[in-house]
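Here are the chains, one letter per residue:
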Amino acid sequence: MTPRPARAPAREGARAGAPVRLPPAVTPLLARLGQLGDARGVAVYGVGGCVRDWLLGRSRLTDLDVTVEGEGPAFAQAAAKAMGGTLQVHPAFGTATLQLPGRNPRRRIDVAGCRKETYVRPAAYPVVARGTLEEDLFRRDFTLNAMAVALNAARFGALADPFRGREDLQRGRLRVLHARSFLDDPTRILRGIRFAQRFGWAFEAQTARRLREALAAGALGWLNAGRLERELTRLLQEPDPAACLRHLSRLLERAR
Ligand code: ATP
């Protein structure tokens with residue numbers, strides 16, 4: 001079973017925080033999404049890897065992830081109506097992908113409603129239910145991918161960081177959200193290696209121990225072929241795939 005989020009000890013709760021400097025090229029689009037949220041009375045956030053990249057000062061303009069405190073697909077439909085583009089709804093997952101007009105296929109926004117996840121079996125797909133923003137952040141792989149930026153006009157740019165992701169980001173530290181994280185979803189082992197190599201980060205001590213334990217338990221072997229292939233392909237698309245493979249090999253060696 002996936003544990004519940006511990007009460008956040010952080011200075012910044014899920015709803016407050018220092019503003020994030022957003023890339024000027026993407027700010028009007030984000031503000032537009034916030035206005036659409038205002039009009040519908042829902043809270044809208046940029047979330048996950050794009051927030052991490054913006055905090056790193058990287059001008060990430062593509063593959064944006066948006067989470068709303070409400071129905072993701074309904075919000076995405078409203079966004080498609082207002083901004084144009086092609087909408088694909090994934091009803092089984094309660095998510096939608098909006099491909100914005102223009103030539104760049106990566107000018108894409110993935111929209112989901114805030115959700116919580118429960119893992120009834122290691123490495124199985126989780127049971128998903130509607131959740132709060134904090135629960136939505138708690139289900140993520142590492143603290144530095146578990147931050148959100150408010151897009152509604154009144155709080156535009158405010159960081160939600162209940163698990164101290166910003167501090168981990170500043171220290172270059174990959175930290176899982178809870179003890180069972182790698183067992184629940186072993187793809188996080190490979191994701192962690194990708195981020196460690198791409199950004200020069202290190203696993204925090206307890207996270208490193210949990211990762212070794214998961215590898216020793218054979219967790220990568222629990223993944224079905226499709227998921228393993230997808231993650232390995234992403235790993236091989238990193239700027240230095242050989243370094244990723246060496247890192248994985250070292251970790252497997254230590255886990256024996
Ligand atoms: P990249 O920079 O390689 O695209 P990303 O962090 O943007 O990495 P995505 O795979 O696009 O990664 O996922 C977006 C976000 O969804 C992540 O930042 C993370 O918050 C969450 N996420 C993705 N995969 C997982 C997972 N297996 N377990 C938990 N959270 C995940």
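To be clear, the structure that these remarks concern was listed above.
Residues numbered from 1 in each chain as written. Predicted model: local features only at pLDDT ≥ 70, side-chain atom pairs only at ≥ 80, totals over all residues. Heavy atoms only, no water.

Remarks on the packing of aromatic side chains
In step 1: As enumerated under the stated definition, the model contains five aromatic pairs in all.
In step 2: Judged by centre distance (5.6 Å) and plane angle (50°), the rings of Phe 138 and Phe 163 are tilted. With a gap of 25 residues between them, Phe 138 in helix α4 (residues 133-138) and Phe 163 in the loop between β9 (159-160) and α5 (165-171) connect regions that are remote in the sequence.
In step 3: Overall, the relative accessible area of 10% leaves Phe 163 in the buried class.
In step 4: Ring geometry for Phe 142 against Phe 195: centres 6.4 Å apart, planes inclined by 90°, an arrangement best described as edge-to-face. With Phe 142 in the loop between α4 and β8 (148-150) and Phe 195 in helix α7 (residues 187-199), this residue pair connects regions lying 53 residues apart in the sequence. The same class applies to Phe 142 and to Phe 195, which are both buried. (Phe/Tyr/Trp six-rings, centres within 6.5 Å; stacked < 30°, edge-to-face > 60°. Helix = DSSP H or I, 4+ residues; strand = E, 2+ residues; numbered from the N terminus. Buried < 20%, exposed > 50% of the residue type's maximum accessible area, 1.4 Å probe, protein only.)

Some points on the site of the ligand
In step 1: Not every one of the 17 residues close to the ligand is listed here, only the nearest: Arg 52, Asp 185, Arg 188, Arg 198 and Arg 234.
In step 2: One nitrogen or oxygen atom from the side chain of Arg 191 is found 3.0 Å from an oxygen atom belonging to the ligand.
In step 3: Relative to its unbound accessible area of 600 Å², the ligand is 80% covered by the protein chains.
In step 4: Elements that contribute at least two residues to the shell around the ligand include exactly α2 (49-55) and α7.
In step 5: In terms of residues, the shell around the ligand owes the most to one element, α7, which gives six residues. (Near = heavy atom within 4 Å. Polar contact = N/O pair within 3.5 Å; in protein donor to acceptor, adjacent residues only side chain to side chain. Areas by Shrake-Rupley, 256 points an atom, 1.4 Å probe, with all protein chains shown as cover.)

Concerning helix α8 (residues 205-216)
In step 1: Taking 1.5 Å as the rise per residue, α8 with 12 residues should run 16 Å; its terminal C-alpha atoms sit 16 Å apart, in good agreement.
In step 2: For α8, the complete set of buried residues consists of Thr 207, Ala 208, Arg 210, Leu 211, Ala 214 and Leu 215. Buried residues of α8 fall within an arc of 165° about the axis and therefore sit on the same side. Exposed residues lying more than 90 degrees from the buried face of α8 are Ala 205 and Ala 216.
In step 3: The elements touched by buried residues of α8 are β10 (173-174), α6 (181-184), α7, β11 (202-203) and α10 (241-255).
In step 4: Of the residues that open α8, the one with a side-chain oxygen 3.1 Å from the backbone nitrogen of Gln 206 is Glu 204.
In step 5: With its phi angle positive at about 85°, Gly 218 sits one or two positions after the end of α8. (Expected span 1.5 Å × (residues − 1). Arc of directions from axis to C-beta. Contact = heavy atoms within 4.5 Å.)

Digging into the sheet that holds strand β3 (residues 86-90)
Strands pair in a sheet through their backbones, by hydrogen bonds, and they do so in one of two ways: parallel or antiparallel.
In step 1: The seven strands lie next to each other as β3-β4-β5-β2-β1-β8-β9, forming an open sheet whose pairing is mixed. Strand pairing shows two members of the sheet lacking a second neighbour, β3 and β9, which therefore form its edges.
In step 2: Pairing between β8 and β9: two bridges, direction antiparallel. Residue pairing across strands places Ala 148 opposite Ala 160, the latter belonging to β9.
In step 3: Along the sheet, helix α3 (residues 72-83) makes contact with β1 (44-47), β2 (64-68), β3, β4 (95-99) and β5 (108-113), crossing β4 at roughly 15°. (Pairing = 2+ DSSP bridges. Axes fitted to C-alpha atoms, helices over the stretch in contact; angles between N-to-C directions.)

Digging into the pattern of salt bridges
In step 1: Tallied over the entire structure, the rule returns 19 salt bridges.
In step 2: Residue Asp 53 is joined to Arg 52 by a salt bridge in which the shortest nitrogen-to-oxygen separation is 3.0 Å.
In step 3: Since its relative accessible area comes to 3%, Arg 52 is described here as buried.
In step 4: Residues Glu 238 and Arg 198 are paired through a salt bridge, measuring 2.9 Å at the closest nitrogen-oxygen approach. Of this pair, Glu 238 sits in the loop between α9 (225-236) and α10 while Arg 198 sits in helix α7, and the two are 40 residues apart along the sequence.
In step 5: For Glu 238, a relative accessible area of 7% translates into the label buried.
In step 6: What makes Arg 198 partly exposed here is its relative accessible area of 29%.
In step 7: Taken together, the shared-partner salt bridges in this structure form one network comprising Arg 164, Glu 167, Asp 168, Arg 173 and Arg 175. (Salt bridge = Lys/Arg side-chain N within 4 Å of Asp/Glu carboxyl O.)

So, unusual backbone geometry
In step 1: With phi around 50°, Asp 63 is a residue other than glycine that occupies positive phi space.
In step 2: The topology assignment puts Asp 63 in the loop between α2 and β2.
In step 3: Taking relative accessible area as the criterion, Asp 63 reaches 15% and is therefore assigned buried.
In step 4: We note that Ala 123 has phi near 65°; this positive angle belongs to a residue other than glycine.

By themselves, these figures tell us nothing about what the structure is for.
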